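This is what each chain is made of:
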Amino acid sequence: MKTIYLECNMGAAGDMLMSALYEICPQKDWFLYKMNEAMAPFGVSLSAEPMTKCGIRGTHMQVLVSGEEEATVPHQPENAHASVHTPEHTHSAGHSHEHSHADYASILENIDALPLADEVKEDIRAIYRLLGEAEAKVHGTTIEQIHFHEVGTLDALADIAGCALLIHLIAPEQILASPVHVGNGFVQCAHGILPVPAPATAELLTGIPYYTGSVTSELCTPTGAAILRYYVARFFPMPTITTSAIGYGMGKKDFEIANCVRVFLGDTVSYLTTADEDAFSCDDTILSISCNIDDMTGEAIGLATEIFMAAGALDVYTIPIQMKKNRPGILLTCLCEQEDREKFTGLFFLHTSTRGVRYQVFERAKLESTFETRSTSYGDIRIKRSTGYGIEKVKPEFEDLKSVVLKNGCSLADVTMSLQGAKLVK
């Protein structure tokens, strides 16, 4: 399956995503020609500039609005694309550069005017709607009331249109990405100093795994977050992939870590035999929380595992281990959904003696299960049917078998045999 995998270890901004995708695009010259043709009426030009970060060579897509980059305008940071426009809402930063504003309807008119394929413009509209809805929610208003700053709007339009066109040209069957590093600290915006991730970025990343890390800077912008949210099917560690191209999209800032988005283009293997099945429809990622314990009784550990399961853990298990000072101990592990991290962390500290827990995120392939009920001479028994990856497994629920054995005084083998030819209960 033709796959794009975006490695967002240093976040994601619109220009960085466009630059990385440009590096793996087979039609680079045509892309630049088409984008410059499309953006010329707005006074916007694009050029692919070679750039090196930490000894790694990549591309920085330079977007000029009336001859200058957005970051060179002092009061217009990357994450301040929109505000609620009122008559007294003005900008001043000690210079004479005037900025007008565009409402959402005007943005749509600009998109409609672009000489790009209809499917590309559909993607641009959808991404802008995500961006506008996030800004509207943060400001407590509607998308119709949001007004986009002109410079930020045109820069974002170029980034979004460029990414949409590149993905159209590359034509992947799926787009995947790593969890997103958003940076740390605070950022100066049009409305004041805000925490990282900026409110609109945080809104766009709802439901997407991201982390702050140790880099004190804004690494993921609203435009980058909106592009990721629209295109990426799942966010998880890199799957097995046979790469055919790798691209590096460079950011403008310099850090000790190479400031880039890395993109991999390649094939992921599908083990399915049915052409219309999604190779990853049943896959997901889960969180493992664990700790070492050497000062709890077996009864107390047993109680903790029961509480974890009752709270919705996917599984809980223990492994005997040898700890410091030659003490025998227990490795206690709880598997849960990633969004339940805070809840189960609290349960670990409340119901065990540990003073610290460890986290691991695991990629998981699983079969999709459904239940049906069969009527036997001993009574109704539920059957679990699991399918996927060209495999089908059928197994009776053991608790039902156990209940029948205890109720009727028969053997487990007798109950299992009764399932042969048993009728399906509608």
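Residues numbered from 1 in each chain as written. Predicted model: local features only at pLDDT ≥ 70, side-chain atom pairs only at ≥ 80, totals over all residues. Heavy atoms only, no water.

**Concerning the nonpolar core**
Alright, step 1. Counting residues in each nonpolar core, the largest one holds 66 residues, and the members touching the most others are Leu6, Phe31 and Ile124.
Alright, step 2. Here the element with the most residues in this core is helix 5 (residues 150–170); it accounts for 13 residues.
Alright, step 3. Phe31 has contacts with Met18, Tyr22, Met61, Gly162, Leu165, Leu166 and Leu169, leaving out every residue within four places of it along the chain.
Alright, step 4. Core analysis: the second largest hydrophobic core is formed by 14 residues, Ile293, Phe308, Val316 and Leu332 among them. (Core = buried A, V, L, I, M, F, W, Y, C linked by side-chain atoms within 4.5 Å. Buried < 20%, exposed > 50% of the residue type's maximum accessible area, 1.4 Å probe, protein only. Helix = DSSP H or I, 4+ residues; strand = E, 2+ residues; numbered from the N terminus. Contact = heavy atoms within 4.5 Å.)

**Re the sheet that holds strand 24 (residues 423–424)**
Alright, step 1. Across the sheet, which stays open at both edges, the 4 strands sit in the order 23-22-21-24 with antiparallel pairing between neighbours. Single-partner strands in this sheet number two, and they are strand 23 (391–396) and strand 24.
Alright, step 2. By the bridge criterion, 2 bridges tie strand 21 (residues 368–376) to strand 24 in an arrangement that is antiparallel. Each bridged residue has a counterpart across the sheet, and for Ser375 the counterpart in strand 24 is Lys423.
Alright, step 3. Where helix 10 (residues 398–408) meets the sheet, it contacts strand 22 (379–388) and strand 23, and its direction lies at approximately 160° from that of strand 22. (Pairing = 2+ DSSP bridges. Axes fitted to C-alpha atoms, helices over the stretch in contact; angles between N-to-C directions.)

**Concerning the packing of aromatic side chains**
Alright, step 1. Taken as a whole and assessed by the stated rule, the structure comprises 4 aromatic pairs.
Alright, step 2. Measuring from centroid to centroid gives 6.0 Å for Tyr22 and Phe31, while their planes differ by 50°, and the two rings are tilted.
Alright, step 3. Given the relative accessible area of 0%, Phe31 is considered buried.
Alright, step 4. Taking NZ or CZ as reference, Arg234 lies 4.0 Å from the ring centre of Phe236, over its face.
Alright, step 5. The ring of Tyr359 has Arg341 lying over it, and the distance from NZ or CZ to the ring centre is 3.7 Å. (Phe/Tyr/Trp six-rings, centres within 6.5 Å; stacked < 30°, edge-to-face > 60°. Lys NZ or Arg CZ within 6 Å of the ring centre and 35° of its normal.)

**Comments concerning unusual backbone geometry**
Alright, step 1. Look at the link from Val196 to Pro197: it is a cis peptide, with omega at 0°.
Alright, step 2. Following the sequence through the fold, Pro197 ends up in the loop between strand 11 (192–195) and helix 6 (199–204).
Alright, step 3. The backbone phi angle of Cys54 is positive, close to 50°, even though this residue is not glycine.
Alright, step 4. With respect to the helices and strands, Cys54 occurs in the loop between strand 2 (44–53) and strand 3 (56–65).

**Remarks on helix 9 (residues 341–351)**
Alright, step 1. Restricting attention to buried positions, one finds in helix 9 the residues Phe344, Thr345, Leu347 and Phe348. What you see down the axis of helix 9 is that its buried residues fit within an arc of 160°, all on one side. Projecting away from the buried face of helix 9 at angles above 90 degrees are the exposed residues Glu342 and Leu350.
Alright, step 2. On its buried side, helix 9 packs onto strand 17 (284–293), helix 8 (298–310), strand 19 (328–336) and strand 20 (358–364). (Arc of directions from axis to C-beta.)

**Points about the packing of helix 8 against helix 9**
Alright, step 1. At a closest axis distance of 10 Å, the pairing of helix 8 and helix 9 adopts a crossing angle of 160°. Of the possible angle classes, the one that applies to helix 8 and helix 9 is roughly antiparallel. Handedness of the helix 8/helix 9 crossing: right-handed. Where helix 8 abuts helix 9, its residues Ala304, Ile307 and Phe308 lie against Phe344, Leu347, Phe348 and His351.
Alright, step 2. Looking at the contact of helix 8 with helix 9, its residues break down into 6 nonpolar, 1 polar and no charged. (Parallel < 35°, antiparallel > 145°, perpendicular 65-115°, else oblique. Left-handed = near helix turned anticlockwise from the far one by under 90°. Nonpolar A, V, L, I, M, F, W, Y, C, P; charged D, E, K, R; others polar.)

**Digging into the pairing of strand 17**
Each regular strand shows side chains that alternate between the opposite faces of the sheet.
Alright, step 1. The buried fraction of strand 17 amounts to 9 of the 10 residues, a majority that puts the element mostly inside the structure.
Alright, step 2. Here 7 bridges tie strand 17 to strand 20, and the two strands are oriented antiparallel to one another. Note on strand 20: the bridge partner recorded for Leu287 is Val361.
Alright, step 3. In this sheet, strand 19 lies alongside strand 17 in antiparallel orientation, the contact comprising 7 bridges. Paired with Cys291 across the strands is Leu332, a residue of strand 19.

**Some thoughts on the sheet that holds strand 20**
Alright, step 1. Taken in spatial order, the 4 strands line up as 18-19-17-20 in an open sheet, and their pairing is antiparallel. In the strand order of this sheet, the two ends are held by strand 18 (315–322) and strand 20, each with one partner. The average undirected angle you get between the axes of adjacent strands in this sheet is 25°.
Alright, step 2. Docked against the sheet, helix 8 engages strand 18 and strand 19, running at close to 150° with respect to strand 18.
Alright, step 3. In this fold helix 9 packs onto strand 17, strand 19 and strand 20, with an angle of close to 15° to the strand it touches most, strand 17.

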